[in-house]
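Structural overview for review
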Amino acid sequence: MSTLHSKSDAPLWQKYKHGHHWRSQSEEFDGIKLGFWLFLATEILLFGGIFCAYAIFRAMYPGAWLEGSQSLDWRWGSINTVILLLSSYTAATAVFCAQTDRQKRLQLNLIITIICGGIFVAIKFLFEYTPKWSGYFFVLDPSFASHAAELTGNKAFFGLFQEVAGYGGKRPGELFGYPFATDPNIGLWWGIYYSGTALHALHVLVGMALLARVLVKSFKQTYGPTYYTGVEIAALYWHLVDLIWIFLFPMLYLIH
Amino acid sequence: MAHTHADTPAFDPLDPHGQNQPGHGGHATHVIVTPFMLRSVLAILLLFTAATVGMAQLEMWAQPFFGIALPKWVNVVGVLAIATVKSILVVMFFMQLRYDNPMNSLVLVASIFCLVIFISFTAIDLFTRGAIDPVKYGQVTKGGTGAMVAAAGGKPMYQAAKDRLIEAHGQSHFEALEHATHAHHPHPADHSWYPTDENSPNKTRRRTGMTDALKTDAPAPAADHAHPH
């Protein structure tokens, strides 16, 4: 951008010129936002497939859903819900900071949001997916201590993961191999669980990437009261990720 | 609560009537949602999260404690109602639809409308075939046991996994492991309060309505899941 090398001392957001095909900056902002809402609508329908499968299969196989939801720890789900709500708040605050030209606080809020996303994904993979899929517990997992008597002695990744006998194998579809299941249709539950939460986790990662891009640009004072489209769009995406989790959490962890 | 930009409308030759100026011609104004509002919404969201978790836990505790079996919909409707309220708060204040161009709200409502059609029509089709034409009820074949997976050898997959372990380590190892696993993951059969359809030597359930068990040709109820404790 040529404006980067302008001799003017004005911050970048003041020098932003809207696209020549728009009549005004305000119209450009509204157009982009409407376009992004249309994209968010397709996202809702994307997750809608999983919600639909969840509802239908739950009605057809209530026993599998009961057994499946009891295999999940509501405490991890709750912690992740609180983390995502907090990050949604910081994302919304980032928009406020951009609108009111609080550059340092804008960056701080973006950083907190990205860190929260990272914690969410870390909890998901270290404490939920890995033990269920493979039976290997992360040694820092608080629930690891109660399994100490059932260790097989197998270790992985520099001893950071230890195998607990008879825990793994809770996998989706044809990968299923958990020997202590009692419901014949339990594989369906794990299919819905992994497809729903993994698709959501992928959205968390994409959201983190979007926010990171906004953060990098914000160091150059790209965003301010008259131009904050990027912050707004990344925040909208992040709120959608939060929105999906608001439904996934009770559906998977609380309904029994 | 929220206030608009203090824009100074300068003359724009491309927009001589100021239709794109904030507050003019029905055009959306860009609203700043105050931190107080955002903090309040966050507090309410966290409160609702605690409420939904508390409700599910209370229900799990209350049923065996008072010896009651609440209908299943209490749990489902309760937590999903709270989730709906939470999502409305996020959409209205965090995503700012309350102050935004109504067109954006319309897009959201339209997508939810499509979602409702998607789920309800699938359910109507799958669950009412028998009501319209009993012959067609057989078309809805329950599956999902994974018996067709090659590795399962014709058995349901959970049975194949069980057999693999017994074959590799023996029945006693399986039972010891099952005992340990049950300690952490109670199976539905362990929840005596849960309204299953089976009677057991320990509990007789009153039959109400025309349940399958009242029919003479109904299959015998499965024996209780036995395990050493």
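Before reading on, note that the structure itself is shown above.
Below you will find a few notes about this structure. These numbers were taken from a predicted model, which means no experiment stands behind them.

**Focus: the overall build of chain A**
Broken down by element type, chain A carries six helices and three strands. Traced from its N-terminal end to its C-terminal end, chain A shows the element sequence α-α-α-α-β-β-β-α-α. Classification of the 256 residues of chain A by burial places 61% in the buried group. Counting contacts in chain A only where the partners sit at least 6 residues apart, residues at least 24 apart contribute 71% of the total. For chain A, the computed accessible surface area is about 9,700 Å², with 68% contributed by carbon and sulfur atoms.

**Brief notes about the interface of chain B and chain A**
Contacts between the two partners involve 79 residues from chain B, matched on the other side by 80 residues from chain A. Roughly 7,000 Å² of surface becomes buried between chain B and chain A when both sides are summed, with 71% attributable to carbon and sulfur atoms. For the pair chain B and chain A, the number of links is one salt bridge. Between Lys33(A) and Asp100(B) there is a salt bridge; the shortest N-O distance is 2.8 Å. Counting across the chain B and chain A interface gives six residue pairs in polar contact (both at pLDDT 80 or more). Looking at the side of chain B that touches chain A, the elements with two or more residues in it are strand 2 (31-33), helix 1 (35-66), helix 2 (72-94), helix 3 (102-132), helix 4 (157-169) and helix 5 (171-184) of chain B. For the side of chain B that touches chain A, a count of residues per class yields 45 nonpolar, 24 polar and 10 charged.

**Overview of the sheet that holds strand 1 (residues 136-138) of chain A**
Residues and elements named next belong to chain A. One open sheet holds the three strands; their spatial order is 1-3-2, and the pairing between them is antiparallel. The sheet is open, and its two borders are formed by strand 1 and strand 2 (151-156), each paired with just one other strand. Going across the sheet, the axis of each strand differs from the next one's by a mean of 35°, ignoring polarity. Where strand 1 meets strand 3 (residues 161-164), three bridges bridge the pair, whose relative direction is antiparallel. Looking at strand 3, one finds that Phe-138 is bridged to Phe-161. With respect to the sheet, helix 4 (residues 103-134) is in contact with strand 1 and strand 3, its orientation differing from that of strand 1 by roughly 160°.

**As for the packing of helix 4 of chain A against helix 5 (residues 186-218) of chain A**
Residues and elements named next belong to chain A. Relative to each other, helix 4 and helix 5 sit at 155°, their axes nearing to 9 Å. Classified by the angle between their axes, helix 4 and helix 5 sit roughly antiparallel to one another. Considering the relative orientation of helix 4 and helix 5, their crossing is left-handed. Residue composition of the contact of helix 4 with helix 5, grouped by class: 21 nonpolar, eight polar and three charged.

**So, the packing of aromatic side chains**
All names here are of chain A. Going through the model one piece at a time under the given rule, you end up with 33 aromatic pairs over all chains. On the basis of an interplanar angle of 85° and a centroid distance of 5.5 Å, the ring pair of Trp-65 and Trp-189 is categorised as edge-to-face. Taken as a pair, Trp-65 in helix 2 (residues 62-70) and Trp-189 in helix 5 lie far apart in primary sequence, 124 residues in all. A residue is classified by how much of its surface remains accessible, and Trp-189, at 1% relative accessible area, is buried. Here a set of aromatic residues connected by ring pairs shows up, and it is made of Tyr-54, Phe-57, Tyr-61, Trp-65, Phe-125, Tyr-129, Trp-133, Trp-189, Trp-190, Tyr-193 and Tyr-194. Here the guanidinium or amino end of Lys-170 rests over the ring plane of Tyr-167, the centre of that ring lying 3.8 Å away.

**Concerning the pairing of strand 2 of chain A**
Residues and elements named next belong to chain A. Of the pairings in the sheet, the one linking strand 2 to strand 3 comprises three bridges and is antiparallel in character. Looking at the pairing, Lys-155 lines up with Gln-162 of strand 3. Once strand 2 ends, the chain turns through four residues before running back antiparallel as strand 3, passing Phe-157 with a positive phi of about 55°.

About the cut-offs
Residues numbered from 1 in each chain as written. Chains lettered and ligands numbered in written order. Predicted model: local features only at pLDDT ≥ 70, side-chain atom pairs only at ≥ 80, totals over all residues. Heavy atoms only, no water. Helix = DSSP H or I, 4+ residues; strand = E, 2+ residues; numbered from the N terminus. Buried < 20%, exposed > 50% of the residue type's maximum accessible area, 1.4 Å probe, protein only. Contact = heavy atoms within 4.5 Å. Areas by Shrake-Rupley, 256 points an atom, 1.4 Å probe, with all protein chains shown as cover. Buried area = accessible area lost by both parts, 1.4 Å probe. Salt bridge = Lys/Arg side-chain N within 4 Å of Asp/Glu carboxyl O. Polar contact = N/O pair within 3.5 Å; in protein donor to acceptor, adjacent residues only side chain to side chain. Nonpolar A, V, L, I, M, F, W, Y, C, P; charged D, E, K, R; others polar. Pairing = 2+ DSSP bridges. Axes fitted to C-alpha atoms, helices over the stretch in contact; angles between N-to-C directions. Parallel < 35°, antiparallel > 145°, perpendicular 65-115°, else oblique. Left-handed = near helix turned anticlockwise from the far one by under 90°. Phe/Tyr/Trp six-rings, centres within 6.5 Å; stacked < 30°, edge-to-face > 60°. Lys NZ or Arg CZ within 6 Å of the ring centre and 35° of its normal.

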